[in-house]
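# Understanding the architecture of this molecule
Each chain is listed here by its residues.
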Amino acid sequence: MEVIPLPQQLTEIEFEAVLENCYQYQYAPTRTLQFDLSGTEFISSFAMIQLLLLTETIIRDWCKRVSFKVGNGPKLSSHMYILARLGFFESLPGSVTYYPFRPKTKKSLRGKNEAILEVTDVKDMEHAYEVIELVEKAITKNTTYSGDQVKDICTMVSEMLQNIFYHSESKRAGLVSIQNYRRKQLMQLVIADAGVGIPETIRLSPDYTDNELTDIEAILESVKKGVSRQGVKAGRGEGLSHCVRLAKKHHAQLFIRSNSAWVSVTVHKGRGTAGIGEFFSGTQIFVNFPSN
Amino acid sequence: MLEIDIYIETGKKKRLWFNEAGVQLRGNILKKIADHREIECVKLDFKRVEVTDVSFAREAFVKLLSDLTLEMNRPQVLLINIDDYVRQNLSLSLKDHKKFALITNSQDEWDLIGKYSQLAKETIAALIEVEEATARELAHRLRIGITTCNNRLSNLYEMCAITRKEVGQKSGGVEYMYKVCT
């Protein structure tokens, strides 16, 4: 068994190191990987969903077992119970094992956290309608965003979910979660899939057959108006570009990680950063909206 | 005149999401138009519709205008009772595809949304004032050349913003009488 220690704080930044650490064991003879969560005190909603997708990838594609070390003795830290309340352990595959035991929470405590929407699977298009309704109700109930702001957020969810269903060819359902961070004064919306990823989709476009786009270039192209797998002539490809427009309108930060690249943009400030990391199939997006 | 209630047509949905649903709605609208070949104007009533994402708007309404452009006898399309939020997204979608549409609000005030020129707006305003006119009559009123006026009216007809019918000329040629349903 190989142990992957998780840091005290796990966000999209630290997750890149975790990913790198995991990949060294992809073809190693070891049969079990153990994530050591015992010293972790904070996991962002985005990192939580990435960890979930990574666990599934290790079990499904690498054919290895996964175990989570959640504490060092019979008494677990409160952070593990917070994760339990967020639905994290419940969303992990059934074959995952826990040391010393799986943190459970009383049903009455579920939902008593800062999550606006706990990790939610989106099974198919029909289910997507229900999820958007859930998102709308949850944000309306738990935040002070105006009616139009809520509609804009739902529009972003709708556009991003369509990308999952039409382009990702994902082996599993999409995932959505929304979390409020009172101290940081922001709300994080996460939408993720473990599909083929934006770069693979964009490279199929007739507009890019002669270009050898890198993953970063492909993500940057994907947020341009009219760029889609079918090519500009198809008159589609407005979903992500509209999300960028809405992110700008709400002074939000948009972070897109797909395959081996990530791009982060804070459009209203004209700031953007990009980087490359380990190949992690699929598209994971978060949008950080400042609180009102 | 054909009036289509979008809320009813989409199975009583106030929130219009996803391009597939938009494609379906466009198909239904086109079928209704095909069943009423002689109609001059189609009113799409957005009462009770609260949101539409850009993918739905593109498939249902922007592409509807494109599809109707291929029809020989294309009716005017008028969007009515549009809420401000829906109007915003629809306008963006139309702009992205370099199209525009005629709308009226609950006070029967008309406007254009999408990507349009002031000349297009001015021409529609003049046509609404006179109720109906040939290119020659409107050119006289706007103090512009007949060819210019003809071009403007053709563009508006292409965009389904106005309607027209053939009227015989004394000389034997064909002339069109243009009008706007509001």
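Up top is the structure.
Here the structure is a predicted model, which is why all the values come from computation and not from measurement.

Reading the values: the criteria
Every residue gets a number counted from 1 within its own chain, in the order that chain's sequence is written. Both sets of labels track the order of writing: A upward for chains, 1 upward for ligands. Predicted model: local features are reported for residues with pLDDT of at least 70 only, side-chain atom pairs are reported and counted for 80 or more only, and whole-chain, interface and lining totals are derived from all residues. The basis for the side-chain values is all heavy atoms of the structure; hydrogens and waters are excluded. Contact between two residues is taken to exist if any of their heavy atoms lie within 4.5 Å; hydrogens are not considered. Summed over both partners, the accessible area (1.4 Å probe) lost when two parts come together is defined as the buried area. In what follows, salt bridge is the name for a side-chain nitrogen of Lys or Arg lying within 4 Å of a carboxyl oxygen of Asp or Glu. Contacts described as polar in this section are N or O atom pairs within 3.5 Å, which, within protein, must combine one atom able to donate a hydrogen with one able to accept it, while residues neighboring in sequence count only if both atoms come from side chains. Secondary structure counts use DSSP, requiring at least four H or I residues in a row for a helix and at least two E residues in a row for a strand, with both numbered from the N terminus. Fitted lines through C-alpha atoms give the axes, limited to the stretch in contact for helices. The angle between two N-to-C directions lies from 0 to 180 degrees. An angle counts as roughly parallel when it lies under 35 degrees, as roughly antiparallel when it exceeds 145, as roughly perpendicular when it falls between 65 and 115, and as oblique in every other case. Here a crossing is taken to be left-handed if its near helix is turned anticlockwise relative to the far helix by less than a right angle, and right-handed if that turn runs clockwise. Amino acids outside the nonpolar list (Ala, Val, Leu, Ile, Met, Phe, Trp, Tyr, Cys, Pro) and the charged list (Asp, Glu, Lys, Arg) are all regarded as polar, and Gly is one of them. Buried means the residue's accessible area, taken with a 1.4 Å probe over protein chains only, is under 20% of the maximum for its type, while exposed means over 50%, and partly exposed covers the values in between. For a helix, the expected span equals 1.5 Å multiplied by the residue count minus one. Paired strands, in this sense, are two strands between which DSSP finds at least two bridges. Paired rings are identified among Phe, Tyr and Trp, the last through its six-membered ring, by centres lying within 6.5 Å, and are further divided according to the angle between planes into stacked (under 30 degrees), edge-to-face (over 60) and tilted (the rest). Each ring is checked for a lysine NZ or an arginine CZ that lies within 6 Å of its centre and within 35 degrees of its normal; such an atom marks a charge sitting over the ring. Grouping buried Ala, Val, Leu, Ile, Met, Phe, Trp, Tyr and Cys residues that are joined through side-chain atoms within 4.5 Å yields what is termed a nonpolar core.

### Description of the interface of chain B and chain A
Opposite the 23 residues of chain B that make contact, chain A presents 23 residues. Here chain B meets chain A over a buried area of about 2000 Å², counting both sides, of which 50% is carbon and sulfur. Area buried by chain B at its contact with chain A is led by B:Trp17, B:Phe18 and B:Tyr85, which between them contribute 34% of it. For the pair chain B and chain A, the interface holds two salt bridges. Inspection of the region where chain B meets chain A yields 11 residue pairs in polar contact (both at pLDDT 80 or more). The greatest single-element share of the side of chain B that touches chain A, amounting to six residues, is contributed by helix H4 (residues 84-96) of chain B.

### A word on the side chain of A:Lys69
All names here are of chain A. If you trace the backbone, Lys69 turns up in strand E5 (residues 65-69). Among the polar contacts made by the side chain of Lys69, one reaches the side chain of Asn72 at a distance of 3.0 Å. Beyond its immediate sequence surroundings of up to four residues, Lys69 is in contact with Gln34, Phe35, Asp36, Leu37, Ser38 and Tyr99.

### Regarding the packing of helix H9 (residues 239-249) of chain A against H4(B)
Viewed as axis vectors pointing N to C, H9(A) and H4(B) meet at an angle of 130°, and their least axial separation amounts to 13 Å. Between H9(A) and H4(B), the interaxial angle falls into the category oblique. In the packing of H9(A) onto H4(B), the handedness of the crossing is right-handed. Of the residues in H4(B), those touching H9(A) at A:His242, A:Arg245 and A:Lys249 are B:Gln88, B:Asn89, B:Leu92 and B:Asp96. Of the residues contributing to the contact of H9(A) with H4(B), the split by class is one nonpolar, three polar and three charged.

### Side note on the environment of A:Val122
Residues and elements named next belong to chain A. Along the chain, Val122 turns up in strand E7 (residues 115-122). Judged by its relative accessible area of 0%, Val122 falls in the buried class. Separated by 21 residues in the primary sequence, Val122 and Phe101 have C-alpha atoms spaced 28 Å apart. Residue contacts for Val122: discarding those within four places in its chain leaves His127, Ala128, Val131, Leu161, Phe165, Ala173, Gly174 and Val176.

### Structural notes on helix H7 (residues 146-158) of chain B
Residues separated by three or four positions in an α-helix point in the same direction, a consequence of the helix having 3.6 residues per turn. Over its 13 residues, H7(B) runs 18 Å from end to end, which matches the ideal 18 Å to within 8%, given 1.5 Å per residue. Trailing H7(B) by a residue or two, B:Cys160 shows a phi angle of about 60°, which is positive.

### Topic: the sheet that holds strand E6 (residues 100-104) of chain B
All names here are of chain B. Ordered by their spatial adjacency, five strands build an open sheet running E1-E3-E5-E6-E7, and the pairing between neighbours is mixed. Each end of this open sheet is capped by a strand with a single partner; those strands are strand E1 (2-5) and strand E7 (110-114). Within this sheet the neighbouring strands show an average axis-to-axis angle of 30°, counted without direction. Note: E1 against strand E3 (residues 41-45), four bridges, orientation parallel. Note that in E3 the partner of Ile4 across the bridge is Leu44. Against the sheet, helix H2 (residues 19-35) engages E1 and E3, with an angle of about 160° to E1.

### Description of the packing of aromatic side chains
Applying the stated criterion to the full structure yields 17 aromatic pairs over all chains. Between A:Phe255 and A:Trp262, the aromatic rings sit 5.7 Å apart at their centres with planes inclined by 15°, giving stacked as the arrangement. Between the aromatic rings of A:Phe255 and A:Phe286, the centroid separation amounts to 4.8 Å while the plane-to-plane angle is 5°, which identifies the pairing as stacked. Of the two residues, A:Phe255 is situated in strand E10 (residues 253-266) and A:Phe286 in strand E11 (residues 271-290); the sequence distance between them amounts to 31 residues. Accessibility classification places A:Phe255 together with A:Phe286 in one group, the buried group. A connected cluster of aromatic rings, assembled from ring pairs, spans A:Phe35, A:Phe68, A:Phe88, A:Phe89 and A:Tyr98. One Lys or Arg, A:Lys184, reaches over the ring of A:Tyr181 and ends 5.9 Å from the middle of that ring. The ring of A:Tyr129 carries B:Lys13 above its face, with NZ or CZ at 4.9 Å from the centroid.

### Here we look at the environment of A:Ile116
Residue and element names in this part refer to chain A. As for its placement among the helices and strands, Ile116 is situated in strand E7. Distance in space between the C-alpha atoms of Ile116 and Thr143 is 8.6 Å, their sequence separation being 27 residues. Residues contacting Ile116, with those up to four places away along its chain left out, are Ala138, Ile139, Asn142, Thr143, Ile178, Gln179, Asn180 and Met187.

### Focus: the nonpolar core
All names here are of chain A. If you look at the biggest cluster of nonpolar residues, it comprises 48 residues, and the most contacted ones within it are Val135, Ile139, Leu161, Val176, Leu189, Val287 and Phe289. With nine residues, helix H6 (residues 147-167) is the largest single contributor of residues to this core. Those residues in contact with Val135, other than ones at most four positions away along the chain, are Leu117, Cys154, Val157, Val176 and Ile178. In terms of nonpolar packing, the next biggest core, distinct from the first, is built from 44 residues, Ile4, Phe46, Leu52 and Phe88 among them.

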